[in-house]
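Structure at a glance
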Amino acid sequence: MSKKSDKGLHPRNPHNERYDFEALIQSSPDLAPFVRENPYGDLSVDFADPKAVLALNRALLAHFYGVTQWSIPEAYLCPPIPGRADYIHYMADLLARSNGGKIPTGTAVRVLDIGVGANCIYPIIGHRAYGWSFVGAEIEPVSLASASALVEANTALDNIECRLQNNSEHIFKGIIHKEERFDFTLCNPPFHASAEEASAGSQRKVRNLGSKKDKKKMLNFGGQANELWCPGGEIAFIRKMIKESAAYAKQCLWFSTLVSKKENLPAIYKALKQVNPAAVETIEMKQGQKVSRIVAWTFISTKMHSQWRKGSM
C-alpha cells in the first residue's frame, strides 16, 4: 500500500504518493543499488547523486509511463518528473473548460513543447497520460538528437516529432508551419541570466540537499548552459515568447510558460497587455515547499473555444 504524501501535487498526478521503491525496483532493477534507508527509517535515494536521480527517473518512467528505454547525455538536465507531470495535468484542466468539462484525449490534440530538451519529458508524460500528439522544438542539436532517439527507442512513444530551431532569435517562427494548429504550447524557460548565476543556483541546490560530494561533479546535476540560462534570464525569454506569440494568434488555442520567480509576474502581465490577449490565466503549482506557476494566454475569445475543438475556426 502506498503511503500518503503532502507533496501538494495535482490530484491526478500519479506521483502524489510517496515513492514505492520496492515497486519501482521491480519495474527497473537498476534502481536497487541506489536505494537505502534514510535517517527516518524510510527507503530513499541520495537526491544529490546524479546517478541515483537518473536511475530513479528511469524507474518512474518505466513504472508509470511504460517507457523502458530512457537516458540522457552525461551532464544534461535530469528533470524532476513529479513537477513536470503537474504542468501537463493543469493544462489538461484548461483544455477541459472548452470541452464540456471533459479532458480532450487522443492524437487529435496537438501540443508544442518549446525547449523539449535531451530528456523529452513533457511529450513523454503528455502522450502517455492523455494520448496527445507533440512537437518538441529544440535549438541545441545534441538535445534534439537525444530526444529523437528516445522516441525511436520506445514503441510507446508514437506521435512525437522533434524539430530543430535554427535561429536563436526566434521561438515560434521556423517551428510552427503555415496552417498548422496547436491546442497549447508549453515551455520551461531558462531561469538564470548568466552562467555565473546558474552556477550559484546549482551550488545552493547542493547545499540544500546536504551533499558533501565534489561540487564540480554536482554541477552536472543542473544541466547544460542552454537549459539553465540565457541573456536576460527567464523574464527576457518570456517577453520574447509573448511578443512572438501574437503572430500565431489564430494557430494556437493557448500559449503557456512556467514562471519560477513570482517577482517576474508584474513584468509578464505588462508584456501580455501589450499584445492584447483575449484571456490570461495564472495557475499556481506546489511541490512540497516549492511554489511555481503557469501563465497561459489566448487570443481566441472564450465563445470561440468550443469552435476550435470542433475544427470549424
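We now turn to the structure provided with this report. Just so it is clear, the structure is predicted and the values come from calculations on it, not from any experiment.

What follows deals with the packing of helix 3 (residues 81-97) against helix 4 (residues 121-130). When two helices pack together, their arrangement is given by the angle between the helix axes and the distance between those axes. As a packed pair, helix 3 and helix 4 sit with axes 9 Å apart at the nearest point and diverge in direction by 55°. Judged by the angle between their axes, helix 3 and helix 4 are oblique. For the pair helix 3 and helix 4, the crossing hand works out as right-handed. Here helix 3 contributes Ile 81, Arg 84, Ala 85, Tyr 87, Ile 88, His 89 and Ala 92 to the contact with helix 4, which in turn contributes Ile 121, Tyr 122, Ile 125, Gly 126, Ala 129 and Tyr 130. Here the residues of the contact of helix 3 with helix 4 sort into ten nonpolar, two polar and one charged.

For the rest of this paragraph, the subject is the packing of aromatic side chains. What the rule picks out here adds up to nine aromatic pairs. Where Phe 172 meets Phe 255, the ring centres are 5.3 Å apart and the plane angle is 65°; that geometry is what we call edge-to-face. With Phe 172 in the loop between strand 5 (160-164) and strand 6 (182-187) and Phe 255 in strand 7 (residues 252-259), the pair connects residues that are 83 residues apart, well separated along the chain. Among the residues examined, Phe 255 registers a relative accessible area of 0% and is labelled buried.

What follows is about the pattern of salt bridges. When their charged atoms lie close together, side chains carrying opposite charge are able to pair. Applying the stated criterion to the full structure yields six salt bridges. Asp 42 serves as the salt-bridge partner of Arg 18, at 4.0 Å between the closest nitrogen and oxygen. Residue Arg 18 is found in the segment before helix 1 (21-27), and its partner Asp 42 is found in the loop between strand 1 (36-37) and strand 2 (43-44); the two are separated by 24 residues along the sequence. The salt bridge partner of Arg 97 is Glu 281, with a shortest N-O separation of 2.7 Å. Residue Arg 97 is located in helix 3, and its partner Glu 281 is located in strand 8 (residues 279-287); the two are separated by 184 residues in the primary sequence. Arg 97 sits in the exposed class, given a relative accessible area of 54%. Bridged by salt links that share partners, the residues Arg 110, Glu 161, Arg 163 and Glu 180 form one connected network.

The next thing to look at is the packing of helix 9 (residues 233-245) against helix 10 (residues 265-275). Packing of helix 9 against helix 10 brings their axes to within 9 Å, and their N-to-C directions diverge by 15°. As the angle between them shows, helix 9 and helix 10 are arranged roughly parallel. The handedness of the crossing between helix 9 and helix 10 is right-handed. Judged by residue contacts, Ile 235, Ile 238, Arg 239, Ile 242 and Lys 243 of helix 9 engage Ala 267, Ile 268, Ala 271, Leu 272 and Val 275 from helix 10. Across the contact of helix 9 with helix 10, the residue classes tally to eight nonpolar, no polar and two charged.

Definitions and limits used
- Residues numbered from 1 in each chain as written.
- Predicted model: local features only at pLDDT ≥ 70, side-chain atom pairs only at ≥ 80, totals over all residues.
- Heavy atoms only, no water.
- Axes fitted to C-alpha atoms, helices over the stretch in contact; angles between N-to-C directions.
- Helix = DSSP H or I, 4+ residues; strand = E, 2+ residues; numbered from the N terminus.
- Parallel < 35°, antiparallel > 145°, perpendicular 65-115°, else oblique.
- Left-handed = near helix turned anticlockwise from the far one by under 90°.
- Contact = heavy atoms within 4.5 Å.
- Nonpolar A, V, L, I, M, F, W, Y, C, P; charged D, E, K, R; others polar.
- Phe/Tyr/Trp six-rings, centres within 6.5 Å; stacked < 30°, edge-to-face > 60°.
- Buried < 20%, exposed > 50% of the residue type's maximum accessible area, 1.4 Å probe, protein only.
- Salt bridge = Lys/Arg side-chain N within 4 Å of Asp/Glu carboxyl O.

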